[in-house]
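As a plain string of letters, each chain reads:
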Amino acid sequence: MTMMETEPGRDVIDLLLEQHDEIRSLFSELRRAQGAAKEELFEDLVRLLAVHETAEETVVHPVARRELESGEQVVDQRLEEEDGAKKELADLYDMGVDHPEFDRRLRAFEADVIQHVTKEEAEEFLRLCGAVDLDTLRRMAGALRAAEAAAPTRPRRHAPESPVGNLVTGPPLALFDRVRDAVREWREKNPDDR
Ligand SMILES: [Fe+2]
Ligand SMILES: [Fe+2]
């Protein structure tokens, strides 16, 4: 998985779309992975979803709710899906990748998340590009940088110094909370970007 390019100048929608692609490819890699590699990919997924969904929830959805026609309904549906996904991710984490039910549950989770991101793209992101000026969208990318900074990145498995199967993210809900605190702090320091 390549890390998101968060250099200044890119707007929040570009970065979120790039993360959607990463989410899709992590799920497809997870279908084929086994053992330690599977555990690591699942952890990458937990981390990416914590960063991504928290930045959306805290910074992007509120703007969509305010700026888009029927924004209330669009955002309420996405928030409900995100809440369900967070709980399912926590259950999957508790279950562990070797549990006999893990693959079946992960497939169902994958279907739900793919449907969620596809709706987000069509009903929210593309419309936001037309409704919000580019400078604002660029400033909003700061929320993703704050989220990234709050979520530790596991050393690459194939790097010589990195231990295998070293879980660094911890339980998903604790990670989501930590990222949310960081994004809220960013938002308080950047009140124009709400
Ligand atoms: Fe989302
Ligand atoms: Fe998303």
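Scope of this entry: the structure provided in the associated data block. (Residues numbered from 1 in each chain as written. Chains lettered and ligands numbered in written order. Predicted model: local features only at pLDDT ≥ 70, side-chain atom pairs only at ≥ 80, totals over all residues. Heavy atoms only, no water.)

Here we come to the coordination of the iron ion (ligand 2). Distances from the iron ion (ligand 2) to its protein donors, His 20 (NE2), His 52 (NE2), Glu 56 (OE) and Glu 120 (OE), fall at 1.9 to 2.1 Å. Geometry at the iron ion (ligand 2) is irregular, judged from the four donor atoms that bind it and their angles of 80 to 176 degrees at the metal. When the donor residues of the iron ion (ligand 2) are listed from N- to C-terminus, their spacing reads H-x31-H-x3-E-x63-E. Between the iron ion (ligand 2) and the iron ion (ligand 1) the interatomic distance amounts to 3.3 Å, and Glu 56 serves as a bridging ligand to the pair. Note that His 20 is positioned in helix H1 (residues 12-32) and Glu 120 in helix H4 (residues 102-131), a separation of 100 residues in sequence. (Donors = N, O, S within 2.8 Å, 3.2 Å for Na, K, Ca; no water. Tetrahedral: all angles 85-135°; square planar, octahedral: opposite > 155°, others 65-115°. Helix = DSSP H or I, 4+ residues; strand = E, 2+ residues; numbered from the N terminus.)

Attention shifts here to the environment of Glu 82. Tracing the backbone shows Glu 82 in helix H3 (residues 71-95). With a relative accessible area of 3%, Glu 82 lands in the buried category. Expressed as a C-alpha distance, the spacing of Glu 82 and Asp 112, which sit 30 residues apart in the sequence, is 9.8 Å. When neighbours within four sequence positions are excluded, Glu 82 is seen to be in contact with Glu 53, Glu 56, Glu 57, His 61, His 116 and Glu 120. Among the polar contacts listed, one links the side chain of Glu 82 to the side chain of His 116, at a separation of 3.2 Å. (Buried < 20%, exposed > 50% of the residue type's maximum accessible area, 1.4 Å probe, protein only. Contact = heavy atoms within 4.5 Å. Polar contact = N/O pair within 3.5 Å; in protein donor to acceptor, adjacent residues only side chain to side chain.)

Turning our attention to helix H5 (residues 134-150). When the terminal C-alpha atoms of H5 are compared, their 26 Å separation across 17 residues agrees well with the 24 Å that a helix rising 1.5 Å per residue should span. Of the residues making up H5, those classed as buried are Thr 136, Leu 137, Met 140, Ala 141, Gly 142, Ala 143, Leu 144, Ala 146, Ala 147, Glu 148 and Ala 150. Looking at the buried positions of H5, the neighbouring elements they touch are H1, helix H2 (35-67), H4 and helix H6 (172-189). Its side-chain oxygen 3.2 Å from the backbone nitrogen of Asp 135, Asp 133 forms the N-cap of H5. (Expected span 1.5 Å × (residues − 1).)

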